[in-house]
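The chain contents come next:
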Amino acid sequence: MKVLITEKLADPGVELLNEEFEVDVLLGLSPEELLERIGDYDGLIIRSATKVTAEVIERAESLKAVGRAGIGVDNIDIEAATKRGVLVANAPESNTVAAAEHTLALMLAAARRIPAADSSLREGEWKRSAFKGVEVSEKTLGLVGLGHVGAIVARGATGMGMRVLAYDPYVSEDRMRSMNVDRAESLDEVFESSDFISLHVPRTPQTAGMVDAGALEKMKPSAYLINVARGGIVDETALYNALKEGAIAGAALDVFAEEPTTDSPLFSLPNVVVTPHLGASTAEAQDRAGVTAAEQVAIA
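Below you will find a few notes about this structure. These numbers were taken from a predicted model, which means no experiment stands behind them. (Residues numbered from 1 in each chain as written. Predicted model: local features only at pLDDT ≥ 70, side-chain atom pairs only at ≥ 80, totals over all residues. Heavy atoms only, no water.)

Locating Leu-35 in the fold gives a position in helix H2 (residues 31-37). Taking the C-alpha atoms as reference points, Leu-35 and Thr-282, separated by 247 residues in sequence, lie 31 Å from one another. In this structure, Leu-35 is in contact with Glu-55, Val-56 and Arg-59, ignoring residues within four places of it in sequence. (Helix = DSSP H or I, 4+ residues; strand = E, 2+ residues; numbered from the N terminus. Contact = heavy atoms within 4.5 Å.)

Spelled out as structure tokens, the structure:
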């Protein structure tokens, strides 16, 4: 049995696989190189950069399992894998704490204008009055999605004295009540009532472009948008226009429609905080994701 690892995996996951399989770690394979090599392997472990297309599945004559060391599987052609009987497994809870903590960190960074203040001071300026922020205590945090990550964010927010309002038709009112979360009956209620809005839904045909110009128009001029979920949920052009025109106060983004991206109009705005998809980038989350993905492939 041979397993191919195409992206950086935590050492414990690699060591687990080495106990039973022949493992090749080939980082940075081009799509063409992956197509050439995949036919030799029974298992494949990836993260977010490797695209497991229908063509890859077709070439993978011996493939039995694909392990995604992370939450989503949007870079894997699930339909093609299912037709071929290839198991697709991810690590749905490995990154939840890391993603939730990053969400809260971005919310506070945007509210207190920390990146801009840091940059100004490093340039030799002392402009206290230029970086007056806002407090999150007694403000409303609106959550779109109340799954594993959203629930941890809600707990952290209530601990800081925030009111939490969540829209998630799949979570019962009793469950929300037990978490001290108020139930929103619609997305519009979240956008209209919240001081901070954080997204916690996967990117699907239903959620792609969900935060468009119409949704942004419903937000308060003093409100902030945070996205550590998936790129493409937010219409980035509409967000740029809303921020530039002062229709909303600010935004904090960890994910983008196209990744990697190093050149976006959003990067030019002073009321935007951006990070390069760091939601799962903690040592602990990487270890958990790697071990979970390795275990899933090992038992396939």
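Following the structure, the description resumes.
Residue pairs spaced three or four apart in an α-helix point in one direction, given the helix's 3.6 residues per turn. Between its terminal C-alpha atoms helix H7 (residues 148-159) stretches 17 Å, which fits the 16 Å expected from twelve residues at 1.5 Å a residue. By the burial criterion, the buried members of H7 are Val-149, Gly-150, Ala-151, Ile-152, Val-153, Ala-154 and Ala-157. Of the surrounding secondary structure, the elements contacted by the buried residues of H7 are helix H5 (96-112), strand S6 (140-144), strand S7 (163-167) and strand S8 (181-183). (Expected span 1.5 Å × (residues − 1). Buried < 20%, exposed > 50% of the residue type's maximum accessible area, 1.4 Å probe, protein only.)

Another point: the pairing of S6. Along S6, five of the five residues are buried, which leaves the element largely enclosed by surrounding structure. Here S6 shows a buried face lined by Thr-140, Gly-142 and Val-144 and a second buried face lined by Leu-141 and Leu-143. Where S6 lies against S7, five bridges are found, and the strand directions are parallel. Within the sheet, the bridge partner assigned to Leu-143 lies in S7 and is Ala-166. For the crossover that starts at S6, traverses H7 and ends in the parallel S7, the hand is right-handed. Where S6 lies against strand S9 (residues 196-199), four bridges are found, and the strand directions are parallel. Across the sheet, residue Gly-142 finds its bridge partner in S9, namely Ile-197. (Pairing = 2+ DSSP bridges. Right-handed = clockwise from strand over helix to strand, strands pointing away.)

Turning our eyes to something else, we now look at the packing of aromatic side chains. If you walk through the whole model with that rule in mind, you get two aromatic pairs. For the pair Phe-196 and Tyr-224, a centre-to-centre distance of 5.1 Å together with 15° between the ring planes defines the contact as stacked. With Phe-196 in strand S9 and Tyr-224 in strand S10 (residues 224-227), the pair connects residues that are 28 residues apart, well separated along the chain. For the pair shown, Phe-196 and Tyr-224 are each scored as buried. Considering the side-chain rings of Phe-256 and Phe-267, the 5.7 Å spacing of their centres and the 85° angle between planes classify their relative orientation as edge-to-face. Here Phe-267 lies in the loop between strand S11 (250-253) and strand S12 (272-274) and Phe-256 lies in the loop between S11 and S12, a separation of eleven residues in the sequence. (Phe/Tyr/Trp six-rings, centres within 6.5 Å; stacked < 30°, edge-to-face > 60°.)

Fair warning: the whole summary comes from geometry, so function is off the table for now.
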